[in-house]
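Observations on the model geometry
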Amino acid sequence: PYTTLFRSKALEEEARRMAEGKARGAVEDEAAREKAKQEAIRKAAEEEEATKKKAAAEDASRRKTIEEEARRKLEEEEAARRAAEEEEARRAAEEEAAKRKAEEEADRRKTAEEAAEEKAAKRKVVEEAAKRAAEEEAYKRKS
């Protein structure tokens, strides 16, 4: 009987401890679950924040790339515009030089023509003077 009594008391004690343990374990399990849930929420928030930072960094990088491309394109357009202006200025200078050269050539021709006309006029004066002299000589002989 003593053994039976001891066993039943031991079983009761064990049952009571198990029940308390389960109750305590249930509370502890609930606290652990809540802690794990909070940890999961925190990790998810950290991951979301990291994802947002990564997306923001990618957006900033894309914007920087686009800005650099736009700046490079503007520089190329500016260089092309300057080259076109320089080419136009060079062409205008060449045209001006050709125009001056043509004017100078025209002036030389005009000067040459005037010189030829003046020479012809002098020759005519000399011829007329010679003709008058010859006429005077002929008149003197007749008289």
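Before going into details, it helps to say that this report is about the structure given with it. (Residues numbered from 1 in each chain as written. Predicted model: local features only at pLDDT ≥ 70, side-chain atom pairs only at ≥ 80, totals over all residues. Heavy atoms only, no water.)

1. What about the pattern of salt bridges?
Overall, the coordinates contain 19 salt bridges when judged by the stated rule. One salt bridge connects R42 with E46, and the closest N-O pair in it is separated by 2.3 Å. Here E46 and R42 lie together in helix α1 (residues 2–142), a separation of four residues that amounts to about one turn. In this structure R42 comes out as partly exposed when scored by relative accessible area, which is 38%. Between R72 and E69 there is a salt bridge, with its nearest N and O atoms 2.9 Å apart. Residue R72 and its partner E69 are located together in helix α1, separated by three residues, close to a single helical turn. Relative accessible area serves as the criterion here: at 37%, R72 is assigned to the partly exposed category. (Salt bridge = Lys/Arg side-chain N within 4 Å of Asp/Glu carboxyl O. Helix = DSSP H or I, 4+ residues; strand = E, 2+ residues; numbered from the N terminus. Buried < 20%, exposed > 50% of the residue type's maximum accessible area, 1.4 Å probe, protein only.)

2. Considerations on a negative patch on the surface
A cluster of like negative charges, contributed by E96, E103, E104 and D107, occupies part of the molecular surface. Mapping E96 onto the fold places it in helix α1. (Patch = residues over 30% accessible without salt bridge, like charges linked within 9 Å, V, L, I, M, F, W, Y side chains within 5 Å. Areas by Shrake-Rupley, 256 points an atom, 1.4 Å probe, with all protein chains shown as cover. Lys, Arg positive; Asp, Glu negative; His and termini not counted. Charge placed at Lys NZ, Arg CZ, Asp CG, Glu CD.)

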